[in-house]
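In case you want the letters, here they are:
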Amino acid sequence: MFGGFGWQELLLVLVIALIIFGPSKLPELGKAFGQTVKEFRKGAKEIQDEIALEEAKEEKQA
């Protein structure tokens, strides 16, 4: 899911985020990140569906 990130790298990023933003901001940042990923996936799925629909239309015409 995270590409080339291992658990050590992820832990390091979380510790740095904790130091920079503090414990009170981390839940807000996590929620914002989750919403961003959700919207991105939704947009990507809509594009995939649109491409599949166009391909189906082209196959019917051929």
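Rules of the game
Residues numbered from 1 in each chain as written. Predicted model: local features only at pLDDT ≥ 70, side-chain atom pairs only at ≥ 80, totals over all residues. Heavy atoms only, no water. Helix = DSSP H or I, 4+ residues; strand = E, 2+ residues; numbered from the N terminus. Rg over C-alpha atoms; globule rule 2.2 N^0.38 Å. Buried < 20%, exposed > 50% of the residue type's maximum accessible area, 1.4 Å probe, protein only. Areas by Shrake-Rupley, 256 points an atom, 1.4 Å probe, with all protein chains shown as cover. Lys, Arg positive; Asp, Glu negative; His and termini not counted. Charge placed at Lys NZ, Arg CZ, Asp CG, Glu CD. UniProt positions renumbered as here; feature names shortened; annotations may be inferred. 1 Å grid on protein atoms, 1.4 Å probe; cavity = no way out; pocket = protein on both sides within 12 Å on 5 of 7 lines; lining within 4 Å. Points joined across faces, edges and corners; volume = space filled by probe spheres on them. Nonpolar A, V, L, I, M, F, W, Y, C, P; charged D, E, K, R; others polar. Salt bridge = Lys/Arg side-chain N within 4 Å of Asp/Glu carboxyl O. Expected span 1.5 Å × (residues − 1).

**What about the overall build of the chain?**
Then step 1. Counting its secondary structure elements, the chain contains 2 helices and 0 strands.
Then step 2. Over its C-alpha trace the chain gives a radius of gyration of 19 Å, far above what one expects of a compact globule, namely 11 Å for 62 residues.
Then step 3. Here the C-alpha coordinates of the chain stretch approximately 60 × 25 × 10 Å along the principal axes.
Then step 4. The 62 residues of the chain split such that 3% are buried.
Then step 5. Here the chain displays about 5,900 Å² of accessible surface, and carbon together with sulfur accounts for 66% of that area.
Then step 6. For the chain, the distance from the average site of its 8 positive side-chain charges to the average site of its 10 negative ones is 9 Å.

**Quick notes on the UniProt feature "transmembrane region" (unreviewed entry) in the chain**
Then step 1. Mapped onto this structure's residue numbering, the UniProt feature "transmembrane region" (unreviewed entry) falls at residues 6-23.
Then step 2. Summarising residues 6-23: 83% helix, 0% strand, and an end-to-end C-alpha distance of 23 Å.

**Structural notes on the layout of surface pockets**
Then step 1. Considering only enclosed or pocket space, the largest pocket measures out at about 340 Å³ in volume.
Then step 2. Contributing to the lining of the largest pocket are 11 residues, with L10, V13, L14, A17 and F33 lying nearest its centre.
Then step 3. Elements that contribute at least two residues to the lining of the largest pocket include exactly α1 (7-21) and α2 (26-61).
Then step 4. Sort the elements by how many residues they give to the lining of the largest pocket and α1 lands first, with 5 residues.
Then step 5. Classifying every residue of the lining of the largest pocket by side-chain character gives 10 nonpolar, 1 polar and no charged.

**A closer look at the pattern of salt bridges**
Then step 1. By the definition in use, this model includes 2 salt bridges.
Then step 2. Residue K25 pairs with E28 through a salt bridge whose shortest N-O separation is 3.6 Å.
Then step 3. Relative accessible area serves as the criterion here: at 48%, E28 is assigned to the partly exposed category.

**Description of α1**
Then step 1. Along its 15 residues, α1 runs 21 Å from first to last C-alpha, staying within 8% of the 21 Å computed at 1.5 Å per residue.
Then step 2. G22 sits one or two positions beyond α1 and adopts a positive phi of about 85°.

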